[in-house]
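Remarks on the overall topology
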Amino acid sequence: MRKADLITKISDKTGIPKVDVMVTLETMLKEIKESLIAGENIYIRGFGSFITKKRAAKIGRNIKKNVAVAIPEHFIPAFKPAKEFVREVKNKKLEDIPDTDEEN
């Protein structure tokens, strides 16, 4: 599902115009990004957590040039689903899931 499909689905289910749904979704995603950049984690009960993980400094390799490269310590964004969310997805029957190959 793409963002446009999600906007259409939300609009159809709620009756809110697509433009308003799009603005709300874009604002939510922007706020999530800004919060993570500021070092703040976001916790959404029943859904999951958007967090930043610290990656330690290490030595990597540029295999094309066969040279060691120092990779500095940095943060990466991550999503950790809530237990309830994981349980619902895990218990979904395989017959109910549409074949993704048919869409492409």
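Residues numbered from 1 in each chain as written. Predicted model: local features only at pLDDT ≥ 70, side-chain atom pairs only at ≥ 80, totals over all residues. Heavy atoms only, no water.

Quick notes on the overall build of the chain
- Along the backbone of the chain there are three helices and five strands.
- Starting at the N terminus and walking to the C terminus, you meet the elements of the chain as α-α-β-β-β-β-β-α.
- Residues counted as buried form 14% of the 104 residues belonging to the chain.
- Contacts spanning at least 24 positions in sequence make up 28% of the contacts within the chain whose residues lie at least 6 apart.
- A total of about 9200 Å² of accessible surface is found on the chain, and carbon and sulfur atoms cover 57% of it. (Helix = DSSP H or I, 4+ residues; strand = E, 2+ residues; numbered from the N terminus. Buried < 20%, exposed > 50% of the residue type's maximum accessible area, 1.4 Å probe, protein only. Contact = heavy atoms within 4.5 Å. Areas by Shrake-Rupley, 256 points an atom, 1.4 Å probe, with all protein chains shown as cover.)

Overview of helix H2 (residues 18–37)
- Given a rise of 1.5 Å per residue, 20 residues ought to cover 28 Å, and the 28 Å separating the end C-alpha atoms of H2 matches this to within 8%.
- Taken together, the buried positions of H2 are Val21, Leu25, Ile32, Ser35 and Leu36. Buried positions in H2, seen along its axis, are confined to an arc of 100° and lie on one side of it. Turned more than 90 degrees off the buried face of H2, the exposed positions are Val19, Lys33 and Ile37.
- Buried positions along H2 lie against helix H1 (3–14), strand E1 (42–44), strand E2 (48–55) and strand E5 (74–81).
- Phi turns positive one or two residues past the end of H2, at glycine 39, with a value near 90°. (Expected span 1.5 Å × (residues − 1). Arc of directions from axis to C-beta.)

Digging into a positive patch on the surface
- Among the surface-exposed residues, Lys53, Arg55, Lys58, Lys80 and Lys83 lie close enough to one another that they form a single positively charged patch.
- Take arginine 55: it is sitting in strand E2. (Patch = residues over 30% accessible without salt bridge, like charges linked within 9 Å, V, L, I, M, F, W, Y side chains within 5 Å. Salt bridge = Lys/Arg side-chain N within 4 Å of Asp/Glu carboxyl O. Lys, Arg positive; Asp, Glu negative; His and termini not counted. Charge placed at Lys NZ, Arg CZ, Asp CG, Glu CD.)

Here's the deal with the pattern of salt bridges
- One pass over the full model with this rule turns up three salt bridges.
- In this structure, arginine 2 and aspartate 5 form a salt bridge, with 3.5 Å as the shortest nitrogen-oxygen distance.
- Note that glutamate 26 and lysine 3 form a salt bridge whose closest N and O atoms lie 2.6 Å from each other. Of the two residues, glutamate 26 is situated in helix H2 and lysine 3 in helix H1; the sequence distance between them amounts to 23 residues.
- Accessibility expressed as a relative area gives 39% for lysine 3, which makes it partly exposed.

Considering the packing of H1 against H2
- For the pair H1 and H2, the least separation of the axes is 9 Å and the interaxial angle reads 125°. The orientation of H1 relative to H2 falls into the category oblique. Handedness of the H1/H2 crossing: right-handed. For the pair H1 and H2, contact is made by Lys3, Leu6, Ile7, Thr8, Ile10 and Ser11 and by Lys18, Val21, Met22, Leu25 and Glu26, respectively.
- Looking at the contact of H1 with H2 residue by residue, the classes come out as six nonpolar, two polar and three charged. (Axes fitted to C-alpha atoms, helices over the stretch in contact; angles between N-to-C directions. Parallel < 35°, antiparallel > 145°, perpendicular 65-115°, else oblique. Left-handed = near helix turned anticlockwise from the far one by under 90°. Nonpolar A, V, L, I, M, F, W, Y, C, P; charged D, E, K, R; others polar.)

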